[in-house]
Amino acid sequence: MAIREILTVPNPVLREASKPVEQVTDDVRALMDDMLETMYAAPGIGLAAVQIGVPINVIVMDLAREGEQPQPRHFVNPKILDVDADFVPYEEGCLSVPGVFDTVDRPKRCKITYLNYNGGRVTEWAEGLYAVCIQHEMDHLKGVIFIDYLSRLKRDRAVRKVEKAGKSRVAA
Ligand code: ZN
């Protein structure tokens with residue numbers, strides 16, 4: 001396993017549409033292992049493959065709270081089959097937009113289908129933080145970032161903040 005570099009805005013790769021995975025091979029599993037290690041190190045609760053520069057339909061997640069056993073989840077070719085009519089607000093952040101948090105409204109629940117680490121098909125309803133996180137990560141697969149839901153002013157400000165932080169890191 002290896003920690004990969006997480007791309008941040010405005011890196012154009014983050015705007016690419018990810019491609020479907022043909023099969024859950026050992027290579028895909030190795031990528032998911034790296035993604036989880038990268039996500040834990042960041043730390044974060046979800047990561048899409050495109051965020052480490054691999055635009056394929058793969059997501060990892062772990063919603064365990066501090067002190068709980070890790071609960072790694074793997075999603076290959078996830079699709080949303082249905083969503084609740086009810087929307088709920090949640091304050092989101094993103095490893096590709098470090099230091100920026102803002103409220104996004106999303107459907108309260110969503111029904112998803114995906115392949116797991118072993119290539120098995122799972123279909124289930126996600127709710128609560130799980131619903132928020134899977135919708136956020138699946139947006140990444142379409143090149144959509146949570147700041148796209150904010151006003152243009154807030155979005156531009158967020159990108160500038162990340163760019164400025166990145167430059168000072170290089171200078172240090
Ligand atoms: Zn994100």
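None of the values given here were measured: they were computed from a predicted structure. (Residues numbered from 1 in each chain as written. Predicted model: local features only at pLDDT ≥ 70, side-chain atom pairs only at ≥ 80, totals over all residues. Heavy atoms only, no water.)

Visitor: I would appreciate a short explanation of the overall build of the protein chain in the present structure.
Guide: When helices and strands are tallied, the protein chain shows 3 helices and 7 strands. Radius of gyration (C-alpha) of the protein chain: 16 Å, near the 16 Å computed for a compact globule of 172 residues. Once the C-alpha set of the protein chain is aligned to its principal axes, its extents read approximately 45 × 40 × 35 Å. Residue burial in the protein chain is summarised as follows: out of 172 residues, 42% are buried. Within the protein chain, contacts between residues at least 6 apart in sequence are counted, and of these 63% link residues at least 24 apart. Only carbon and sulfur atoms are counted for the fraction: they give 51% of the accessible area of the protein chain, which is about 9500 Å². A distance of 6 Å separates the average location of the 22 positive side-chain charges in the protein chain from that of its 25 negative side-chain charges. (Helix = DSSP H or I, 4+ residues; strand = E, 2+ residues; numbered from the N terminus. Rg over C-alpha atoms; globule rule 2.2 N^0.38 Å. Buried < 20%, exposed > 50% of the residue type's maximum accessible area, 1.4 Å probe, protein only. Contact = heavy atoms within 4.5 Å. Areas by Shrake-Rupley, 256 points an atom, 1.4 Å probe, with all protein chains shown as cover. Lys, Arg positive; Asp, Glu negative; His and termini not counted. Charge placed at Lys NZ, Arg CZ, Asp CG, Glu CD.)

Visitor: Before we go on, may I ask you to explain unusual backbone geometry in this structure?
Guide: Looking along the chain, the bond that leaves valine 9 and enters proline 10 is cis, with omega of 5°. The topology assignment puts proline 10 in the segment before helix H1 (26–41). Omega for the peptide link from alanine 42 to proline 43 comes to -10°, which places this bond in the cis form. Within the secondary structure layout, proline 43 lies in the loop between H1 and strand E1 (46–48).

Visitor: Just checking my understanding: could you explain the pattern of salt bridges for this structure?
Guide: Any two side chains of opposite charge can pair, on the condition that their charged atoms come close. This structure, assessed with the given rule, holds 9 salt bridges. Note that aspartate 26 and arginine 29 form a salt bridge whose closest N and O atoms lie 3.1 Å from each other. Linking aspartate 26 with arginine 29, this pair stays in helix H1, spanning 3 residues, or about one helical turn. Between arginine 109 and aspartate 84 there is a salt bridge; the shortest N-O distance is 3.4 Å. Placement of arginine 109 in strand E6 (residues 109–115) and of aspartate 84 in the loop between strand E3 (72–83) and strand E4 (87–92) is noted, with a sequence separation of 25 residues between them. Residue arginine 109 is classed as partly exposed on the basis of its relative accessible area of 27%. With relative accessibility at 18%, the residue aspartate 84 sits in the buried group. Members of the salt-bridge network, linked through shared partners, are Glu92, Arg106, Asp139 and Lys142. (Salt bridge = Lys/Arg side-chain N within 4 Å of Asp/Glu carboxyl O.)

Visitor: For this particular structure, what's the right way to read the coordination of the zinc ion?
Guide: Of the protein atoms, only Cys94 (SG), His136 (NE2) and His140 (NE2) coordinate the zinc ion, at distances of 2.1 to 2.3 Å. Sequence positions of the donors to the zinc ion reduce to the motif C-x41-H-x3-H. Taken together, the positions of histidine 136 and histidine 140, both in helix H2 (residues 129–141) and 4 residues apart, correspond to about one turn of that helix. Note on accessibility: histidine 136 and histidine 140 belong to one class, buried. (Donors = N, O, S within 2.8 Å, 3.2 Å for Na, K, Ca; no water.)

Visitor: Could you clarify how one ought to interpret the sheet that holds E1 in this entry?
Guide: Two orientations exist for strands paired in a sheet by backbone hydrogen bonds: parallel and antiparallel. Taken together, 5 strands build an open sheet; the order of strands is E1-E2-E3-E6-E7 and the sheet is antiparallel. The sheet is open, and its two borders are formed by E1 and strand E7 (121–127), each paired with just one other strand. This sheet shows a mean twist of 40° between the axes of neighbouring strands, independent of strand direction. Both strand E2 (residues 58–62) and E3 contribute to a ladder of 5 bridges, which runs antiparallel. In the strand pairing of E3, valine 58 is matched with valine 76. The strands that H1 touches are E1, E2 and E3; relative to E2, the one it contacts most, it runs at about 40°. (Pairing = 2+ DSSP bridges. Axes fitted to C-alpha atoms, helices over the stretch in contact; angles between N-to-C directions.)

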